[in-house]
Amino acid sequence: MAIIETEATLHEAHRDNHTHRDVNGGWLRPAVFGAMDGLVSNLALMTGVAGGSVSHQTIVITGLAGLAAGAFSMAAGEYTSVASQRELVEAELEVERRELRKHPKDEERELAELYQARGVDAPLAREVARQLSRDPEQALEIHAREELGIDPGDLPSPTVAAVSSFGSFALGALLPVLPFLLGATTLWPALLLALIGLFACGAVVAKVTARSWWYSGLRQLALGGAAAGVTYALGSLFGTAVG
């Protein structure tokens with residue numbers, strides 16, 4: 001009895017410890033990268049304009065215009081991309097559904113061959129394929145996963161993707177504009193807040209990677225800071241040349 005209880009305890013401990021990171025990142029990855037994209041692009045845009053020695057009102061208008069343009073562009077691009085991907089998947093699913101309806105035995109044999117290729121004994125593979133093929137919808141789901149690598153019941157929503165992209169980009173792009181909206185008249189508060197936001201985004205990204213939070217944060221801070229520095233230098237150069 002004690003041995004059984006010990007084995008059960010070890011099994012539970014193994015199950016609790018044997019966990020993996022979410023390699024797809026779930027909602028966290030696209031949200032954080034969308035915010036980071038908005039932050040870097042709008043910060044670079046604003047510092048580029050600021051380098052041309054323009055008024056802070058012009059910088060604010062530029063920042064707000066960059067926020068709106070970038071957010072709508074991201075949303076439109078994401079909607080089109082996901083919608084096209086979903087339409088392609090649905091077309092392929094319809095092809096598979098038609099094949100299952102017209103040639104059920106051939107599809108059943110194909111599924112058995114897939115299992116055999118993975119090391120399942122032939123008689124067992126045929127029996128498993130036969131049982132799984134009794135339900136047409138279940139058969140479609142299995143063929144889609146095995147042959148196309150997709151889950152028919154978990155297709156991405158273009159609307160959700162567009163709204164998420166719009167919101168995360170706008171949130172990131174708002175950070176460098178916020179100090180000006182609160183009364184700042186110089187670029188430094190906006191730059192400081194944006195760099196803090198870049199470090200925070202990088203640190204959050206470490207949640208779905210193997211890097212430490214400080215390394216990921218500093219890396220993103222350095223990249224965003226470099227982008228802002230380059231655009232500021234270009235703004236100063238062209239501002240002087242045009243002026």
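Shown above is the structure to which this text applies.
Keep in mind that this is a model prediction, so the values were computed, not measured. (Residues numbered from 1 in each chain as written. Predicted model: local features only at pLDDT ≥ 70, side-chain atom pairs only at ≥ 80, totals over all residues. Heavy atoms only, no water.)

(A) A look at the overall build of the protein. Across its full length, the protein carries 9 helices and 0 strands. Reading the helices (α) and strands (β) of the protein from amino to carboxyl end gives α-α-α-α-α-α-α-α-α. Across the 243 residues in the protein, those meeting the buried criterion constitute 31%. At a minimum sequence separation of 6, the contacts of the protein that also span at least 24 residues come to 70%. A total of about 14900 Å² of accessible surface is found on the protein, and carbon and sulfur atoms cover 63% of it. (Helix = DSSP H or I, 4+ residues; strand = E, 2+ residues; numbered from the N terminus. Buried < 20%, exposed > 50% of the residue type's maximum accessible area, 1.4 Å probe, protein only. Contact = heavy atoms within 4.5 Å. Areas by Shrake-Rupley, 256 points an atom, 1.4 Å probe, with all protein chains shown as cover.)

(B) Expanded view of a nonpolar patch on the surface. A surface patch of nonpolar side chains, about 460 Å² in accessible area, is lined by Trp-213, Trp-214, Tyr-215 and Leu-218. Counting through the fold element by element, Tyr-215 comes out in helix α9 (residues 213–242). Owing to a relative accessible area of 32%, Tyr-215 belongs among the partly exposed residues under this scheme. (Patch = residues over 30% accessible without salt bridge, like charges linked within 9 Å, V, L, I, M, F, W, Y side chains within 5 Å. Salt bridge = Lys/Arg side-chain N within 4 Å of Asp/Glu carboxyl O.)

(C) Main features of unusual backbone geometry. Positioned with a positive phi, Ser-53 is a non-glycine residue whose angle comes to about 60°. As for its position among the elements, Ser-53 is in the loop between α2 (28–50) and α3 (56–102).

(D) Structural context of the packing of aromatic side chains. Inspection of the entire model under this criterion finds 3 aromatic pairs. Between Phe-72 and Phe-166, the aromatic rings sit 5.0 Å apart at their centres with planes inclined by 70°, giving edge-to-face as the arrangement. Remark: Phe-166 occurs in helix α7 (residues 158–181) and Phe-72 occurs in helix α3; sequence separation between them is 94 residues. Classification of Phe-72 by relative accessible area gives exposed; the value is 57%. (Phe/Tyr/Trp six-rings, centres within 6.5 Å; stacked < 30°, edge-to-face > 60°.)

(E) Spotlight on the packing of helix α4 (residues 104–117) against helix α6 (residues 136–148). Put simply, α4 and α6 touch, their axes get as near as 11 Å, and they point 50° apart. Between α4 and α6, the angle falls in the class oblique. When the axes of α4 and α6 are compared, the crossing they make is left-handed. Mapping the contact onto sequence places Glu-107, Glu-110, Leu-111, Leu-114 and Tyr-115 in α4 and Ile-142, His-143, Glu-146 and Glu-147 in α6. (Axes fitted to C-alpha atoms, helices over the stretch in contact; angles between N-to-C directions. Parallel < 35°, antiparallel > 145°, perpendicular 65-115°, else oblique. Left-handed = near helix turned anticlockwise from the far one by under 90°.)

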